[in-house]
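# Geometric and topological summary
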Amino acid sequence: MTTVAVKPPAAKPATMAQALNRAMRDAMAEDPTVHVMGEDVGALGGVFRITDGLAKEFGEDRCTDTPLAEAGILGAAVGMAMYGLRPVVEMQFDAFAYPAFEQLISHVAKMRNRTKGAMPLPITIRVPYGGGIGGVEHHCDSSEAYYVATPGLTVVTPATVEDAYGLLRASIASDDPVIFLEPKRLYWSKADWSPEAPAAVPGIGEALVRRTGTSATLITYGPSLPVCLEAAEAAREEGWDLEVVDLRSLVPFDEETVVASVRRTGRAVVVHEAGGFGGPGAEIAARISERCFHHLEAPVLRVTGFDIPYPPPMLEKHHLPGVDRILDTVARLQWEN
Amino acid sequence: MTTVAVKPPAAKPATMAQALNRAMRDAMAEDPTVHVMGEDVGALGGVFRITDGLAKEFGEDRCTDTPLAEAGILGAAVGMAMYGLRPVVEMQFDAFAYPAFEQLISHVAKMRNRTKGAMPLPITIRVPYGGGIGGVEHHCDSSEAYYVATPGLTVVTPATVEDAYGLLRASIASDDPVIFLEPKRLYWSKADWSPEAPAAVPGIGEALVRRTGTSATLITYGPSLPVCLEAAEAAREEGWDLEVVDLRSLVPFDEETVVASVRRTGRAVVVHEAGGFGGPGAEIAARISERCFHHLEAPVLRVTGFDIPYPPPMLEKHHLPGVDRILDTVARLQWEN
Amino acid sequence: MTVQELPGAGASHRSTPPPAWRPRTDAAPLLPDPEPYRVLGTPAADRLDPELMRRCYAELVRGRRYNAQATALTRQGRLAVYPSTVGQEACEIAAAMVLEEQDWLFPSYRDTLAAVARGLDPVEALTLLRGDWHTGYDPRERRIAPLSTPLATQLPHAVGLAHAARLRGDDVVALAMVGDGGTSEGDFHEAMNFAAVWQAPVVFLVQNNGFAISVPLAKQTAAPTLAHKAVGYGMPGRLVDGNDIAAMHEVLSEAVRRARSGGGPTMIEAVTYRIEAHTNADDATRYRGDAEVEAWKAHDPIELLERELTARGLLDEAGIKAAKDAAEAMAAALRDGMNAEPVLDPMDLFGHVYAQQTGRLREQAAMLRAELEAAEQEEHEEGDGS
Amino acid sequence: MTVQELPGAGASHRSTPPPAWRPRTDAAPLLPDPEPYRVLGTPAADRLDPELMRRCYAELVRGRRYNAQATALTRQGRLAVYPSTVGQEACEIAAAMVLEEQDWLFPSYRDTLAAVARGLDPVEALTLLRGDWHTGYDPRERRIAPLSTPLATQLPHAVGLAHAARLRGDDVVALAMVGDGGTSEGDFHEAMNFAAVWQAPVVFLVQNNGFAISVPLAKQTAAPTLAHKAVGYGMPGRLVDGNDIAAMHEVLSEAVRRARSGGGPTMIEAVTYRIEAHTNADDATRYRGDAEVEAWKAHDPIELLERELTARGLLDEAGIKAAKDAAEAMAAALRDGMNAEPVLDPMDLFGHVYAQQTGRLREQAAMLRAELEAAEQEEHEEGDGS
Ligand SMILES: Cc1ncc(C[n+]2csc(CCOP(=O)(O)OP(=O)(O)O)c2C)c(N)n1
Ligand SMILES: Cc1ncc(C[n+]2csc(CCOP(=O)(O)OP(=O)(O)O)c2C)c(N)n1
Ligand SMILES: [Mg+2]
Ligand SMILES: [Mg+2]
């Protein structure tokens, strides 16, 4: 008797770009109200090719090249969402989302509230963000501080191939507007991943301990996760066993996971590319300091981008939080006590 | 022999609105490159009358009613500053500055840096901000978090009549772009002030201890200063002697004054109207927690607006940090230790 | 001498420009008439539908009364602020009248009257301006977008909604209102462009009432007329007398018809005038003289129609009285409605920010609840003590 | 039947509209010609100034060579990215040529060639795209604004600068460049409007090269032409063959003259084509076919002028060779300049954010300096050890 083993679909190396593309494709196939729109998302498939093939598969009415006007794009998406569609908007680069800021703050973030829940806006705004790709000015901003400070917005950012798929699906499925920050320097990062049976959609708002440790906690997200994991490996040589928390969403902020970890380790370093002053790390550090007051062996420190406009490509290596700077900072966590 | 006593010009009750108006008038009289521009700043004198009389005194070319387009206003001001003028731009209300966000972030904040100092932009952007005036939606935002997180911007906010004059003069005189946040509910606040010999221009970046105390430090700015002073008075009944620090500028942030105060008192509460999550208080609390780690008797707490869109007039009293909420928070500063 | 005659300059050195080179459409049909279109007092008035005009008349009278009542309410402290549409009632009312049940209206902050004319309860329409919750009605149920205060931002919404409806095969037209000042905003431009590129079923109604608060049109634009802006988007621009409700109704109806039948968007400039100050808080004497106001008062939308209908024997004293009585009834109901102190639940502050309340909002709600309970307790105790 | 004949409908019931009611200017002179204006290969070419045209020719040849060299540099990894203007050289060069010393140029990110044609060293012009500092020259000294990457944002700057110069009584014209895609942005609209209201001495040059990255003009606008947008601002719109440098020079000169003499702004649409991909990183085959490109190659700006000049006997083999040699010399200098590795000081990161370094930036600079010194030390020790 011959048995045919039902093999689980093979996980193969896939990029984050592919996972994001697949998430939109699956969402569009399942739900006819999902519409992708933005500059160059059609025939070109986006400048990063994240929307590759969608216009071909679903037609230009479902994946639409818009005129070049970000406020218009987001404003039109608001109207489409008012009518019951689920627009997925691509902003071509972080800094090119700024023209849409008024629409974002005064309408997108507030519409549900203004109408006492009568008119939610299920819009996903995809924003490639961060640096490390040798991009010239205006192409490498880490603008998450603006979004985080805006009530009504959900702010999500994946750091792995699997999360890229799962979190984008969850964002598109959300009835609230989501700023979906895509770490552009991880677009071509690879992981074994099964595009045929992509993992279940994780909920938004749950941080994940990516590496357990006992000496101190690194809290990070998006583009800085791989750097933190590398730093944690390197730290073993110095005798530190670092825990690494990947926030995955900045709003909602999974305070409990972070607080539990820091209470365990007694020390914390927040790591992100965005500028430090008034950046998301400020809130995280302030919350940890407040909630873990009696558990902390040392002040919460931050490793962030400098408080400067994003540097030109030839200098960005100095700006970005790297393994050495993280380790130097861990070393400052008052170990002598 | 008769001696004529040279009397110092009498200080008379004056409003913050008058002091601001006077600051522009004096700056325009002294420096022909100062130009005031914005919506309704001419014949009307602005919806808050802060530019009252300037068009009449200096002509419409010096105090100009622009078309209704905030990005255009700020963008034109950039060009004027490129040519050597010192534009003073009025944004009519906080939320109506959002359309100018791209110009602000991508040009105003970055131009000096982009050009390695060759092209500084001495633009003052006046933004009436905050609530407490019964204004409807979009008229009461506390948008300082956005500005604070943007390197290249100086962010100033007066809380007194005297500072309104001095800080606005200093802002107009600054060679860097300044976001000058005017607490609109203090426009009609009064103080004895001498319009004939206005006090010397204070430097930007120096916080002021408005009230000395020993029990704990309240750190605040702009519209919340009077509330904090009132709370400090009320706290005496409870046996607390509160110190109150008025930041006056959020960028640069006078960390030394704040840290010195908290190291002295051992306890700190940050108070502002802006939402707490990702708000300016996060940075302040994080910095205090880091720099005063061994001096703190209790975690740094914050009293802020809720993390919601600004409420309608009939509910705003619940949202705004008030004396009771500040005292409740002071009470949570682990006095039992 | 032509180039052909030049020695050696034969046809060979002239290249034919590539195909994409020529204008795609003829601009002429897009251009507005040189003068605002009028019906009342012109031969075109012969075509008027008496029934429709009587309805218009009743609505105008009601609209004027609504304006008066709302302004009175500001004086009584019952309304925080009111931007009046006295003088602009024909625009407001025609905009509402030309829409079908399934169509959508996108009002600016000034256009509560249009919402009322579309059937919204005046008390609901004034919720925002009263200081009560931001939007006082369910926009989807009424197909009236929330009043938009950030100028021109509602225009791309109208385009998106109309486009979405068209994609889904629904028969929906969106009519979006904006002021002369609002046309200077980038959002106006982007919305017009999207509408034309997508051929969305949307009608843009620009009420040129002469001012953006204190700023007169001449400082707002150097265009021949605002209607001329349409041509730059490949959309017809129409110039119409905004105080002539018959003309407004006709031009708007035509634009709605065009949109509905797949003919794409239209932009209409209604030339009108804001008779009162910007809002009750404004002092219009700072920026304009009486003579101008008087000239416009002589071109009053209600009087224009009343004269026409009276002259044609289509309206008599009884008709005028009936309209007045209906208006008074509305005003009385509005007064009563606004006298009732609205009951707001502070907990609503936290209930609609997200679909699911975040932990942080739960904390904040709990804090406020505790504060309120403590305050109540205190009051109670004080009450007991007295 | 006219309204007068109606019983009772006499003149009395017609009101005269108030004075502010009519269009302020005539739209007709603002409208562009129906076809792009051409000179080369038409009778108008008779008027050409041979000296000027020979200069144009040399500049075009140099510009083409500059494009080729810059693209080559991307392949060698010497330039991070380069947006080519092959096919658009006539626009770039004419824009620079029509300006006086004291005038200002506001280039978009694509317009390094215009900056070079205005006299900027190619190496300085390419600083940004090389990955070196953001702006490679002193804008005030060169009167060339920094290359603007956020589309259309440079246009209000040009208006503000031109306005400021005029207020101060200086003879300065600003010429601002933007693409077809950029016209969709709100900033384009706001800049055009401010310019017209202020009658600022500014010239808007829109290079319609058919695409915004992959998006063709038809998805960008439904306007008859982009030049038609001008009328909505009360500004003349001109349509011109952007590959015809004689036409470009003439139309731009006229607009600059008009601006200089107080006649206000002009908007010019130059119809041209982007022969190469959006940048070296782009794959144009994804969104357009060869046939279109070939049709445009046959309408090449250099060939158009070369044919005209040759046919008229104004250019011979020697002249062609001289232009080529000069272009080669520029290319060699550019190659050399780009071969030298730029030396950047990391401390510059902190030196220009504010006039006075903040305490926080001082701290951060100190940290980086310490890191760099430690790294150097380490390298040194390693070196010693080997
Ligand atoms: C984006 C924005 N900027 C400024 C304001 C403040 N403001 C409210 S009404 C108004 C004037 C509007 O003029 P117009 O568009 O002509 O409309 P009208 O008031 O005449 O109906 C201004 C400047 C606003 N609401 N939104
Ligand atoms: C505000 C903004 N949005 C998006 C971009 C990304 N982007 C760079 S070039 C480009 C296309 C520009 O097209 P066009 O204006 O026609 O100029 P061209 O590239 O053809 O010279 C886009 C979308 C940008 N630079 N700025
Ligand atoms: Mg108006
Ligand atoms: Mg283009």
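This one's a predicted model, so the numbers in the text were calculated from it and none came from an experiment.

### Let's talk about the overall build of chain A
When helices and strands are counted, chain A shows 12 helices and 14 strands. By the compact-globule yardstick of 20 Å for 337 residues, chain A fits well, its C-alpha radius of gyration being 20 Å. Residue burial in chain A is summarised as follows: out of 337 residues, 73% are buried. Counted over contacts in chain A with a minimum sequence separation of 6, partners at least 24 positions apart contribute 82%. Here chain A contributes 30 positively and 44 negatively charged side chains, and the mean placements of these two sets differ by 3 Å.

### Focus: the coordination of the magnesium ion (ligand 3)
Residues and elements named next belong to chain C. The protein atoms that coordinate the magnesium ion (ligand 3) are Asp180 (OD), Asn209 (OD1) and Phe211 (O), at distances spanning 2.0 to 2.1 Å. Each donor residue of the magnesium ion (ligand 3) belongs to the same chain, with the gaps between them written as D-x28-N-x1-F. Note that Asp180 is positioned in the loop between β2 (174-179) and α8 (186-198) and Asn209 in the loop between β3 (202-208) and β4 (211-212), a separation of 29 residues in sequence. Given a relative accessible area of 2%, Asp180 falls into the buried group.

### Notes on the sheet that holds strand β13 (residues 268-275) of chain A
For sheets, the rule is that strands pair by backbone hydrogen bonds, running either parallel or antiparallel. Residue and element names in this part refer to chain A. The mixed open sheet is built from 5 strands, whose spatial order is β9-β11-β10-β13-β14. Looking at which strands have only one partner, the edges of the open sheet turn out to be β9 (208-211) and β14 (301-305). Here the strands of the sheet are splayed against their neighbours by 25° on average, with no regard to which way each runs. The strands that helix α8 (residues 225-238) touches are β9, β10 (216-220), β11 (242-246) and β13; relative to β11, the one it contacts most, it runs at about 170°.

### Comments concerning the sheet that holds strand β13 (residues 268-275) of chain B
Residues and elements named next belong to chain B. Across the sheet, which stays open at both edges, the 5 strands sit in the order β9-β11-β10-β13-β14 with mixed pairing between neighbours. Of all the strands in the sheet, just β9 (208-211) and β14 (301-305) have a single pairing partner and so form its edges. Here the average twist between neighbouring strands, direction ignored, is 25°. As defined by bridge partners, β9 adjoins strand β11 (residues 242-246) across 3 bridges and the pair is classed as antiparallel.

### Some remarks on the side chain of Asp111 of chain C
Residue and element names in this part refer to chain C. Mapped onto the fold, Asp111 is located in the loop between β1 (104-106) and α3 (112-117). Buried and without a salt bridge, Asp111 has Arg110 as its closest oppositely charged side chain, separated by 6.3 Å. Apart from residues no more than four positions distant in its own chain, Asp111 is found in contact with Glu92, Leu147, Met177 and Gln207.

### A few points about the packing of aromatic side chains
In total, this model carries 38 aromatic pairs over all chains according to the counting rule given. In this structure an aromatic cluster arises from ring pairing among Tyr98, Phe101 and Tyr146 of chain A together with Tyr98, Phe101 and Tyr146 of chain B. Note that Arg267 of chain A overlies the ring of Trp335 of chain A, its terminal NZ or CZ placed 4.0 Å from the centroid.

### Structural notes on the site of ligand 1
Taken together, 21 residues lie near ligand 1, and Glu70 of chain B together with Tyr109, Arg110, Asp180 and Asn209 of chain C sit nearest. In this structure, ligand 1 is bordered by residues of chains A, B and C. Here a nitrogen atom of ligand 1 sits 3.1 Å away from a polar atom, N or O, in the main chain of Leu151 of chain C. Between an oxygen atom of ligand 1 and a side-chain N or O atom of Asp180 of chain C, the distance comes to 2.5 Å. Contact with the protein chains covers 96% of the free accessible surface of ligand 1, which is 580 Å².

### Concerning the side chain of Thr15 of chain B
Assignment of secondary structure puts Thr15 of chain B in strand β1 (residues 12-15). Here Thr15 of chain B is in contact with Val161, Tyr187, Trp188, Ser189 and Lys190 of chain B, once residues within four sequence places are set aside.

### Side note on helix α9 (residues 255-265) of chain B
All names here are of chain B. Residues of α9 that are buried: Glu255, Val258, Val259, Ser261, Val262 and Thr265. With its buried residues spanning 165° around the axis, α9 presents them on a single face. Trailing α9 by a residue or two, Gly266 shows a phi angle of about 80°, which is positive.

### Looking at unusual backbone geometry
Residues and elements named next belong to chain A. Geometrically, the link from Val251 to Pro252 is a cis peptide bond, its omega value of -5° lying close to zero. Relative to the elements of secondary structure, Pro252 occurs in the loop between β12 (249-251) and α9 (255-265). Phi angles above zero are rare outside glycine, and Arg248 is one such case at about 65°. Given a relative accessible area of 7%, Arg248 falls into the buried group.

### Remarks on the interface of chain D and chain A
With 41 residues of chain D in contact, the opposing surface of chain A contributes 36 residues. Between chain D and chain A lies a buried interface of about 3200 Å² when both sides are counted; carbon and sulfur atoms form 63% of it. Taken together, the links from chain D to chain A amount to 5 salt bridges. Between Lys219 of chain D and Asp65 of chain A there is a salt bridge, and its shortest N-O distance comes to 3.6 Å. Inspection of the region where chain D meets chain A yields 10 residue pairs in polar contact (both at pLDDT 80 or more). For the side of chain D that touches chain A, the secondary-structure elements that each account for two or more residues are α5 (127-130), α9 (217-220), α14 (348-351) and α15 (359-385) of chain D. With 7 residues, the top contributor of residues to the side of chain D that touches chain A is α15 of chain D. Among the residues making up the side of chain D that touches chain A, the classes are represented as 21 nonpolar, 9 polar and 11 charged.

### Digging into a negative patch on the surface
A cluster of acidic residues, Asp324 and Asp328 of chain A together with Glu373, Glu376, Glu378, Glu379, Glu381 and Glu382 of chain D, forms a negative patch at the surface. Put simply, the parts of the chain that give the negative patch at least two residues each are α12 (323-331) of chain A together with α15 of chain D. For the negative patch, the element with the highest residue contribution is α15 of chain D, accounting for 6 residues. Structurally, the position occupied by Asp324 of chain A is in helix α12.

### Side note on the coordination of the magnesium ion (ligand 4)
Only Asp180 of chain D (OD), Asn209 of chain D (OD1) and Phe211 of chain D (O) from the protein reach the magnesium ion (ligand 4) as donors, at distances of 1.9 to 2.1 Å. Read from N- to C-terminus, the donor residues coordinating the magnesium ion (ligand 4) fall into the pattern D-x28-N-x1-F.

### A closer look at the site of ligand 2
Taken together, 21 residues lie near ligand 2, and Glu70 of chain A together with Tyr109, Arg110, Asp180 and Gly182 of chain D sit nearest. At the site occupied by ligand 2, nearby residues are drawn from chains A, B and D. Separating a nitrogen atom of ligand 2 from a side-chain N or O atom of Glu70 of chain A is a distance of 2.5 Å. Gly181 of chain D is positioned with one of its backbone polar atoms (N or O) 2.8 Å from an oxygen atom of ligand 2. When ligand 2 sits alone it has 580 Å² of accessible area, and the protein chains cover 96% of it. Residue composition of the shell around ligand 2, by class: 8 nonpolar, 7 polar and 6 charged.

### Quick notes on the state of the cysteines
Linking two cysteines covalently through their sulfur atoms gives a disulfide. A complete count under the given rule lists 0 disulfides over all chains for this structure. Cys228 of chain A supplies the cysteine sulfur nearest to Cys292 of chain A, a cysteine that is in no disulfide, at a spacing of 18 Å. Looking at the unpaired Cys56 of chain C, the closest cysteine sulfur is the one in Cys91 of chain C, lying at 12 Å. Assessed through its relative accessible area of 0%, Cys56 of chain C is described here as buried.

Basis of the calculations
- Here the residue numbering is sequential within each chain, running from 1 through the sequence in written order.
- Chains carry letters and ligands carry numbers; both start at the beginning, A for chains and 1 for ligands, and go up in the order they are written.
- Reporting in this predicted model follows two pLDDT cut-offs: at least 70 for local features of residues, and 80 or more for side-chain atom pairs to be given and counted; totals over whole chains, interfaces and linings ignore these cut-offs and use all residues.
- Only hydrogens and water are set aside when side-chain values are computed; all heavy atoms of the structure are taken into account.
- Counting from the N terminus, the helices are the DSSP runs of H or I reaching at least four residues and the strands are the DSSP runs of E reaching at least two.
- Just to be clear, the radius of gyration here is over C-alpha atoms, and the globule rule we use is 2.2 Å times residues to the power 0.38.
- Exposed residues in this analysis have more than 50% of their type's maximum accessible area, buried residues have under 20%, and partly exposed residues fall in between, with area computed by a 1.4 Å probe over protein chains only.
- Here, residues are in contact when the closest pair of their heavy atoms is within 4.5 Å.
- We treat Lys and Arg as the positive residues and Asp and Glu as the negative residues; His and chain ends play no part in the count.
- Note on charges: their place is set at NZ of Lys, CZ of Arg, CG of Asp or CD of Glu.
- Only nitrogen, oxygen and sulfur atoms count as donors, using a 2.8 Å cut-off from the metal that widens to 3.2 Å for Na, K and Ca. Water is left out, so coordination shells may look unfilled.
- For two strands to count as paired, DSSP must find a minimum of two bridges between them.
- To get an axis, a line is fitted to the C-alpha atoms, and for a helix only the part in contact is used. The angle between two axes follows their N-to-C directions and goes from 0 to 180 degrees.
- Definition used for salt bridges: Asp or Glu carboxyl oxygen within 4 Å of a side-chain nitrogen of Lys or Arg.
- Each Phe, Tyr or Trp ring (for Trp, its six-membered ring) is paired with any other whose centre lies within 6.5 Å, and the angle between the two planes then decides the class: stacked below 30 degrees, edge-to-face above 60, tilted in between.
- Two conditions define a charge sitting above a ring: the NZ of Lys or the CZ of Arg must be within 6 Å of the ring centre, and it must be within 35 degrees of the ring normal.
- If a single non-hydrogen atom of a residue is within 4 Å of a molecule or strand, that residue counts as near it.
- We define a polar contact as two N or O atoms separated by no more than 3.5 Å, with the added condition that, inside protein, one atom must be a possible hydrogen donor and the other a possible acceptor, whereas residues neighbouring each other in sequence contribute only through side-chain atom pairs.
- The accessible surface values rely on the Shrake-Rupley method and a 1.4 Å probe; as for residues, cover is taken only from the protein chains in view.
- By arc we mean the arc of the directions from the helix axis to the C-beta atoms, nothing more.
- Buried area, as used here, totals the accessible surface that two parts lose on assembly, with accessibility defined by a 1.4 Å probe and the loss added over both.
- Gly falls in the polar group here, along with every residue not listed as nonpolar (Ala, Val, Leu, Ile, Met, Phe, Trp, Tyr, Cys, Pro) or charged (Asp, Glu, Lys, Arg).
- A residue counts toward a patch only above 30% relative accessible area and without a salt bridge, and it is joined to like-charged neighbours within 9 Å or, for Val, Leu, Ile, Met, Phe, Trp and Tyr, to nonpolar neighbours within 5 Å.
- Disulfides are defined as cysteine sulfur pairs within 2.5 Å.

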